[in-house]
Amino acid sequence: IAKSMLAELSFGVVGIESAVRSYPALLIVEIARIELSDVAGRGVRHANKNDTINKLLQLIEDNFRETRHLSSYADWLHMTPDRLNELCKREAGVTAGHLVRQRLLTEAKRLLMFTELSVSEIAYDLNFSDPSYLSRFFRKSTSQTPQEFRAGRRENETGE
């Protein structure tokens, strides 16, 4: 990305300002992708061959805002929470709850990076009963508060 940005600067053509301003956002997206791949490297295995895991991932995608209860996902898949966790551990290397939390964290990061919503608005959008719960969840997962994460994103955008 840095090489592309330098090349853009050397061309000096129409639209250079818009092009150069887009590179920090691309860098942030690339960093987020690397972070997600690091999660995969820490034990989350891709389980594309297992239909139940694929169904679970789709259920998580469709419902993570409304419910984090493992029992709901297990019910929808017609199994017990223990059986669902066993399957997830065997096929994906993590618990079903971990998959739900990771999706929730990814969405919180996306909202912090690409919107101007307040932390309170994000908390309520993600169905946290209180913004402090989002902050604790976020800090436990990332070692940063949502505000620190957003401030770091802004520093990356401005180069400060």
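What counts and how
Residues numbered from 1 in each chain as written. Predicted model: local features only at pLDDT ≥ 70, side-chain atom pairs only at ≥ 80, totals over all residues. Heavy atoms only, no water. Axes fitted to C-alpha atoms, helices over the stretch in contact; angles between N-to-C directions. Helix = DSSP H or I, 4+ residues; strand = E, 2+ residues; numbered from the N terminus. Parallel < 35°, antiparallel > 145°, perpendicular 65-115°, else oblique. Contact = heavy atoms within 4.5 Å. Nonpolar A, V, L, I, M, F, W, Y, C, P; charged D, E, K, R; others polar. Expected span 1.5 Å × (residues − 1). Buried < 20%, exposed > 50% of the residue type's maximum accessible area, 1.4 Å probe, protein only. Arc of directions from axis to C-beta. Polar contact = N/O pair within 3.5 Å; in protein donor to acceptor, adjacent residues only side chain to side chain. Salt bridge = Lys/Arg side-chain N within 4 Å of Asp/Glu carboxyl O.

Novice: For this particular structure, what's the right way to read the packing of helix α3 (residues 51–63) against helix α5 (residues 81–92)?
Specialist: Geometry of a packed helix pair, given as the angle between the helix axes and the separation of the axes. Packing of α3 against α5 brings their axes to within 10 Å, and their N-to-C directions diverge by 105 degrees. With respect to α5, the axis of α3 lies roughly perpendicular. In this structure, α3 contributes Thr52, Ile53 and Leu56 to the contact, and α5 contributes Leu84, Leu87, Cys88 and Glu91. Each residue belonging to the contact of α3 with α5 can be placed in one class, and the counts come to 5 nonpolar, 1 polar and 1 charged.

Novice: Please explain α3 as it appears in this structure.
Specialist: An α-helical segment advances 3.6 residues per turn. Residues three or four places apart therefore align on the same side. The first and last C-alpha atoms of α3 sit 18 Å apart over 13 residues, in line with the 18 Å expected at 1.5 Å per residue. Every buried residue of α3 is accounted for by Ile53, Leu56, Leu59, Ile60 and Asn63. Buried residues of α3, seen end-on, are gathered within an arc of 120 degrees and therefore sit on one face of the element. The exposed residues of α3 that point more than 90 degrees off its buried face are Asp51 and Lys55. Packing partners of the buried residues in α3 comprise α4 (70–76), α5 and α6 (96–114). Where α3 begins, one side-chain oxygen reaches toward the backbone nitrogen of threonine 52, 2.9 Å away; that side chain belongs to asparagine 50.

Novice: When you look at the pattern of salt bridges in this model, what are you seeing that I'm missing?
Specialist: When their charged atoms lie close together, side chains carrying opposite charge are able to pair. Tallying each qualifying case throughout the model produces 6 salt bridges. A salt bridge links arginine 103 to glutamate 61, with the shortest nitrogen-to-oxygen separation between them at 2.7 Å. Of the two residues, arginine 103 sits in helix α6 while glutamate 61 sits in helix α3, which places them 42 residues apart along the sequence. Overall, arginine 103 belongs to the buried group, its relative accessible area being 17%. You can call glutamate 61 partly exposed: its relative accessible area is 38%. With its nearest N and O atoms 3.2 Å apart, the salt bridge here joins arginine 103 to glutamate 107.

Novice: How should I be thinking about unusual backbone geometry in this particular structure?
Specialist: The bulk of non-glycine residues show a negative phi, and the bulk of peptide bonds are trans. Not every positive phi belongs to a glycine, and asparagine 127 is a case in point at roughly 70 degrees. As for its position among the elements, asparagine 127 is in the loop between α7 (119–125) and α8 (131–142). Classification of asparagine 127 by relative accessible area gives partly exposed; the value is 41%. In this structure, serine 143 is a non-glycine residue whose phi angle is positive, near 65 degrees. Structurally, the position occupied by serine 143 is in the loop between α8 and α9 (146–158). On the basis of relative accessibility, which here comes to 60%, the residue serine 143 falls in the exposed class.

Novice: Looking at this structure, how should I read α6?
Specialist: For α6, spanning 19 residues, the distance from its first C-alpha to its last is 27 Å, which sits close to the expected 27 Å at 1.5 Å a residue. The buried fraction of α6 is high, at 14 of 19 residues.

Geometric descriptors of this kind do not, in isolation, establish any biological role.
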